[in-house]
Amino acid sequence: MLPHQTAFLELALEHEVLKFGSFTLKSGRVSPYFFNLGKIAGGAGLRRLAHAYADALIGSGLEFDLLFGPAYKGIPLVAAIACALAERGRDVPFAYNRKEAKDHGEGGVLVGADVKGKRVIIVDDVLTAGTALRQSFALLKDSGATPVAAMTALDRQEVGPNGRSAVQELTESGLPVKPLVTVRDLLAYLTSNGGDASTIEAIRAYQAQYGVKD
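What counts as what
Residues numbered from 1 in each chain as written. Predicted model: local features only at pLDDT ≥ 70, side-chain atom pairs only at ≥ 80, totals over all residues. Heavy atoms only, no water. Helix = DSSP H or I, 4+ residues; strand = E, 2+ residues; numbered from the N terminus. Contact = heavy atoms within 4.5 Å. Pairing = 2+ DSSP bridges. Right-handed = clockwise from strand over helix to strand, strands pointing away. Phe/Tyr/Trp six-rings, centres within 6.5 Å; stacked < 30°, edge-to-face > 60°. Lys NZ or Arg CZ within 6 Å of the ring centre and 35° of its normal. Core = buried A, V, L, I, M, F, W, Y, C linked by side-chain atoms within 4.5 Å. Buried < 20%, exposed > 50% of the residue type's maximum accessible area, 1.4 Å probe, protein only.

Colleague: Can you help me understand the side chain of T152 in this one?
Modeller: Structurally, T152 can be placed in strand β8 (residues 146–155). The contacts of T152, once residues within four sequence positions are left out, are Y53, D124, D125, L127, L133, V177, K178, P179 and L180.

Colleague: Would you mind showing me how to read the pairing of strand β9 (residues 177–182) here?
Modeller: The two faces of the sheet receive side chains in turn, since in a regular strand these alternate between them. Pairing geometry for β8 and β9, over five bridges, is parallel. Across the sheet, the residue bridging to L154 is V181, located in β9. Regarding the hand of the β-α-β motif, the stretch spanning β8, helix α5 (residues 166–172) and β9 is right-handed.

Colleague: Please explain the packing of aromatic side chains as it appears in this structure.
Modeller: The description of an aromatic ring pair uses the distance of the two centres, along with the angle that the planes make with each other. Under the counting rule described, the total for this entry stands at three aromatic pairs. In this structure, R90 is placed above the aromatic ring of F64, and the distance from its NZ or CZ to the ring centre is 4.3 Å. R156 extends its terminal NZ or CZ atom over the ring of Y33, reaching a point 4.2 Å from the ring centre.

Colleague: Would you mind going over the nonpolar core with me for this structure?
Modeller: What tends to happen in soluble globular proteins is that the nonpolar side chains get buried as a cluster. F8, L37, Y53, L67 and I81 are the most contacted members of the largest nonpolar core, which totals 41 residues. At seven residues, the largest contribution of residues to this core is made by helix α2 (residues 43–60). In this structure L67 touches L57, V78, I81, A82, L85, V92, P93, F94, A95, V120, I121 and V123, once residues within four positions along its chain are discounted.

Function-wise, these values are silent; they only describe arrangement.
Encoded structure:
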């Protein structure tokens, strides 16, 4: 596991971004774990999170000109990542969207740097169905940008009702997805760091039922 992945999982557990138990998801599935990146709501934690993303971006080899954060969770995230990249010597502009178009002032849906003609990385928190990423992909394409990839914190690696995962569908539509960690990374971390055996078994059973198949 790469250093930024370990650092991210340590942060997620420390701030209870990752919680274990029994959680009913929007899909109706009952998951043995729940992921809520919004639990990181302070400056120190956000800085650590942004550095994990920045390290992942630098190590990805992706070529990009701009970062985009979907409203709402993506907005503080994309700003913090831009700051972390600046600390590493790369000044990357960023933009984000409003939920509703503004009909006065500068108007429009997009806020921040001009996306037209830019190669864009979309930054978000968790990937389950991929709805927010699809909407961002369409919005950026319509605005003259070229979305080159999406970067998320966690890929739950679940299949939908059609038997395919959101990552597979997004990649085939032209938007590769690069997660900081996957649920398999989480299992490996818990296993090697003395995680609760019943929790590990519950996650494995859930993935056996709903997870992507190799």
